Amino acid sequence: MGHSQSFWTKYVFSTDHKTIGIQYGVTSLFFLLFGFVLMMIMRWQLAYPEQPIPWIGQWLGDARAPGGVMLPEFYNELGAMHGTIMVFLGVVPLGVGCFGNLIVPLQIGAPDMCFPKLNMASYWVFLLGGLVMLFSFFLPGGAANSGWTAYPPLANIATIGQTVWILGMVFLITSSLLGGINFIATIFQLRAPGLTFMRLPFFVWGQLVTAFLLLLAFPPLEAAGILQLMDRVAGTSFFMPSGLLISGEVPDVSGGGSVLLWQHLFWFLGHPEVYVILLPAIGIVTEVFANNIRKPIWGYKLMVYSILFLGFISFVVWAHHMYLTGMGTAISAFFQATTMIISIPSVIVLTCLMISMWGGSIRFNMPMLFALAFIPMFGIGGLTGLPLGLAATDIYLHDTYYVIGHFHYVVAPGVIFALFAGIYYWYPKFTGRYMNEFLGHLHFWPSLICMNIVFMPMMIQGLAGMSRRMYDGGAIYSHNQGVLDWNIFISMGAWTLALAQIPFIISFFMSAFTGKKVESDNPWQATTLEWQTPTPPGHGNFETIPTVYHGPYEYSVPGASKDFTPQNEEGVK
């Protein structure tokens, strides 16, 4: 039974999972755009060091860019905040907060999330954390400038922006913990009758494993953040070692702390975080694949077992980020082994998706184009990560541009392409209209080309030994001279990539009013439960509680009257 709501309770302080999902989506897309802008400013400095930044340089002030020329401290500020914003304020809340909230309750036949008020709280705590991060740009000394990993002792003695960064992270982590608890409870408790675990859409499995990763991996970083905050404001020395010299002076601290303790706590989150980013994306790609190849996903159970194993083993690979800390060959060998092992489930999932295409009647619509592009882009990201998982090769590649190229292949043309696929795929369900196909092609093809223009040359620069985090792009080192010209090429690609997002932004907002209307509640002729609701789904989602009779991908079943059998429809078994 519906009930009357004011504007504030319906659209702002809403407890409806669909409204909260849209809030997460719009907010995280804004943060992705903002983080992208920070990167574009950095790319000017790398391509044309010591040259005044055009257009906006005059507005940055003498503390950051005297005469429009970027200072090294400002470059470090941009680098730290770009990484933080893109990961913690962009990709994760879009994949988990937005798509998880919008789709999971619908796919399991639930009327809402298990704890609606907790769900609302998770969004507002996330937004508060994001606003705190943005506020730090206006502080004396600017935002955090110790890298997105905030390594001490540098982060312990940095400007006040680092303190605000920690506070922002505490809010963001708290938001993720609230969301993780809610997803686990919802998936375990609110599934429709007949929806056994092996009938769950793969997207729901991805969100379930992700929720456990959030719940188990984030608390160590939250604890570490509070310890670092105490080092900064209360005079403790959890991460401040004895015998430290700062500008030739011995700091007035008790010492006795361990800088490596922070690295262990950070990367204990940091590697599961990669799969927090990745698993929702793989879930989206699987849904889009199944729908557009018009046949069942090959190896569904194998994929489920693979991501369960992947989630478990993601907790025992973290120190492959720390080979250069002198951990010793025995422990290095352990983390090398687990790192090679964790590549196996990812390969299984990709292989199942590629085998699934064999013999399919593939529809090359916009969601499918982005989903297809995910496969080779993520493949490149995974393959280029193998040398970084081996201590012998990581010694040479660590902290070079090779690492940036590898990680961004996974996250940018990989995960973000999958998220775009999800937006194009589920947009009709929540607006009743398709996104513009022509603008979609203007968005997809330049993005695919420019992503490779940006990140592939970074591999070349990294193999040549060019160090990352250098505000002049490495111009002062003789061994970089042969690959410096790539900086201009990469930056041109990055700015063109920005232009390629304009058609998406126009289509995203315009199509809600002028886009082609959907022909039915199930325009893609899909099998999963979210397409068996009204468009858009109303209060409580389903007019009657659905009963599930089939697996999630009953396409082209022999003897069926049509090429798809919805999960809640009795038919050929």
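Small disclaimer: the values here were computed from a predicted structure and weren't measured.

**Considerations on the environment of Asn 436**
Then, in step 1: Along the chain, Asn 436 falls in the loop between helix 12 (401-431) and helix 13 (437-463).
Then, in step 2: With 74 residues separating them in the primary sequence, Asn 436 and Met 510 have C-alpha atoms 8.6 Å apart.
Then, in step 3: If sequence neighbours within four positions are ignored, Asn 436 has contacts with Ser 507 and Ser 511.
Then, in step 4: A distance of 3.0 Å separates a polar atom in the side chain of Asn 436 from the backbone nitrogen of Phe 438.

**Section: a nonpolar patch on the surface**
Then, in step 1: A cluster of nonpolar side chains, Phe 7, Trp 8, Tyr 11 and Phe 13, forms an exposed patch at the surface whose accessible area comes to about 500 Å².
Then, in step 2: For Phe 7, the location among the structural elements is in helix 1 (residues 7-12).

**Observations regarding the nonpolar core**
Then, in step 1: Counting residues in each nonpolar core, the largest one holds 177 residues, and the members touching the most others are Met 81, Phe 374 and Trp 426.
Then, in step 2: For this core, the element with the most residues is helix 12, which contributes 21 residues.
Then, in step 3: Setting aside anything within four residues of it in sequence, one finds Met 81 in contact with Leu 38, Met 133, Ser 136, Phe 137, Ala 143, Ala 144 and Trp 165.

**Points about the side chain of Thr 528**
Then, in step 1: With respect to the helices and strands, Thr 528 occurs in the segment after helix 14 (486-514).
Then, in step 2: Only 2.8 Å separates the side chain of Thr 528 from the side chain of Glu 530, close enough to count as a polar contact.

**A few points about the side chain of Ser 507**
Then, in step 1: When you line up the elements, Ser 507 lands in helix 14.
Then, in step 2: Leaving out residues up to four positions away in the same chain, Ser 507 has contacts with Tyr 427, Met 435, Asn 436 and Leu 439.

**Digging into the packing of aromatic side chains**
Then, in step 1: As enumerated under the stated definition, the model contains 47 aromatic pairs in all.
Then, in step 2: Taking 5.8 Å as the distance between ring centres and 85° as the angle between the ring planes, the aromatic pair formed by Phe 34 and Phe 137 counts as edge-to-face. Placement of the pair is Phe 34 in helix 2 (residues 17-47) and Phe 137 in the loop between helix 4 (116-135) and helix 5 (160-189), with a sequence separation of 103 residues.
Then, in step 3: For Phe 137, a relative accessible area of 12% gives the class buried.
Then, in step 4: Through a chain of ring-to-ring contacts, three or more aromatic side chains come together here, namely Phe 7, Trp 8, Phe 13, Tyr 24, Phe 30, Phe 31, Phe 34, Tyr 123, Trp 124, Phe 126 and Phe 137.
Then, in step 5: Sitting over the ring of Phe 197, Arg 191 keeps its end group 4.1 Å from the ring centre.
Then, in step 6: Against the face of Phe 564 rests Lys 562, its NZ or CZ located 4.8 Å from the ring centre.

**What to know about empty space enclosed by the protein**
Summary: where empty space remains is shown by rolling a probe the size of a single water molecule over the atoms.
Then, in step 1: Overall, the coordinates contain 3 cavities of 30 Å³ or more when judged by the stated rule.
Then, in step 2: Put simply, the largest cavity is a space of about 180 Å³.
Then, in step 3: Around the largest cavity, the lining is made up of 19 residues, and of these Tyr 24, Val 92, Pro 93, Ser 175 and Ser 176 lie nearest the centre.
Then, in step 4: The set of elements that each furnish at least two residues to the lining of the largest cavity consists of helix 3 (72-107), helix 4, helix 5 and helix 6 (202-233).
Then, in step 5: Its residues assigned to classes, the lining of the largest cavity comprises 11 nonpolar, 7 polar and 1 charged.
Then, in step 6: Looking at the second largest cavity, its volume works out to about 60 Å³.
Then, in step 7: Contributing to the lining of the second largest cavity are Trp 165, Ile 166, Met 169, Val 170, Ile 173, Leu 221, Glu 222, Gly 225 and Trp 262.
Then, in step 8: Secondary structure elements with two or more residues in the lining of the second largest cavity: helix 5 and helix 6.
Then, in step 9: The element best represented in the lining of the second largest cavity is helix 5, accounting for 5 residues.

**Observations concerning the pattern of salt bridges**
Then, in step 1: A complete count under the given rule lists 7 salt bridges for this structure.
Then, in step 2: The salt bridge partner of Asp 563 is Arg 294, with a shortest N-O separation of 3.0 Å. With Asp 563 in the segment after helix 14 and Arg 294 in the loop between helix 7 (259-293) and helix 8 (300-313), this pair connects stretches of sequence that are 269 residues apart.
Then, in step 3: Assessed through its relative accessible area of 29%, Asp 563 is described here as partly exposed.
Then, in step 4: Salt-bridge contacts for Arg 468 lead to Asp 399; the nearest nitrogen and oxygen are separated by 3.6 Å. Separated by 69 residues along the polypeptide, Arg 468 in the loop between helix 13 and helix 14 and Asp 399 in the loop between helix 11 (391-397) and helix 12 bring together distant segments of the chain.
Then, in step 5: You can call Asp 399 partly exposed: its relative accessible area is 29%.
Then, in step 6: Here the residues in one salt-bridge network are Asp 399, Arg 468 and Arg 469, joined through shared partners.

**Quick notes on helix 2**
Every α-helical turn comprises 3.6 residues, leaving residues that sit three or four positions apart pointing alike.
Then, in step 1: Across its 31 residues, helix 2 extends 44 Å between first and last C-alpha, which sits within 8% of the 45 Å expected from 1.5 Å per residue.
Then, in step 2: Sitting at the amino-terminal end of helix 2 is Asp 16, which places a side-chain oxygen 2.8 Å from the backbone nitrogen of Lys 18.

**Here we look at the packing of helix 2 against helix 3**
Then, in step 1: Running from amino to carboxyl end, helix 2 crosses helix 3 at an angle of 155°, the nearest separation of the two axes being 7 Å. In terms of axis orientation, helix 2 runs roughly antiparallel to helix 3. As helix 2 packs across helix 3, the resulting crossing turns out to be left-handed.
Then, in step 2: Of the residues belonging to the contact of helix 2 with helix 3, the class tally is 26 nonpolar, 11 polar and 1 charged.

**Description of the layout of surface pockets**
Then, in step 1: Reported here for the second largest pocket is a volume of approximately 620 Å³.
Then, in step 2: Forming the walls of the second largest pocket are 24 residues, and the residues nearest its centre are Lys 10, Ser 14, Asp 16, Lys 18 and Thr 19.
Then, in step 3: At the level of elements, helix 1, helix 2 and helix 4 are the ones that each hand at least two residues to the lining of the second largest pocket.
Then, in step 4: Of all the elements, helix 2 adds the most residues to the lining of the second largest pocket, at 6 residues.
Then, in step 5: In the lining of the second largest pocket, the residues fall into 9 nonpolar, 11 polar and 4 charged.

Conventions we followed
Residues numbered from 1 in each chain as written. Predicted model: local features only at pLDDT ≥ 70, side-chain atom pairs only at ≥ 80, totals over all residues. Heavy atoms only, no water. Helix = DSSP H or I, 4+ residues; strand = E, 2+ residues; numbered from the N terminus. Contact = heavy atoms within 4.5 Å. Polar contact = N/O pair within 3.5 Å; in protein donor to acceptor, adjacent residues only side chain to side chain. Patch = residues over 30% accessible without salt bridge, like charges linked within 9 Å, V, L, I, M, F, W, Y side chains within 5 Å. Areas by Shrake-Rupley, 256 points an atom, 1.4 Å probe, with all protein chains shown as cover. Salt bridge = Lys/Arg side-chain N within 4 Å of Asp/Glu carboxyl O. Core = buried A, V, L, I, M, F, W, Y, C linked by side-chain atoms within 4.5 Å. Buried < 20%, exposed > 50% of the residue type's maximum accessible area, 1.4 Å probe, protein only. Phe/Tyr/Trp six-rings, centres within 6.5 Å; stacked < 30°, edge-to-face > 60°. Lys NZ or Arg CZ within 6 Å of the ring centre and 35° of its normal. 1 Å grid on protein atoms, 1.4 Å probe; cavity = no way out; pocket = protein on both sides within 12 Å on 5 of 7 lines; lining within 4 Å. Points joined across faces, edges and corners; volume = space filled by probe spheres on them. Nonpolar A, V, L, I, M, F, W, Y, C, P; charged D, E, K, R; others polar. Expected span 1.5 Å × (residues − 1). Axes fitted to C-alpha atoms, helices over the stretch in contact; angles between N-to-C directions. Parallel < 35°, antiparallel > 145°, perpendicular 65-115°, else oblique. Left-handed = near helix turned anticlockwise from the far one by under 90°.

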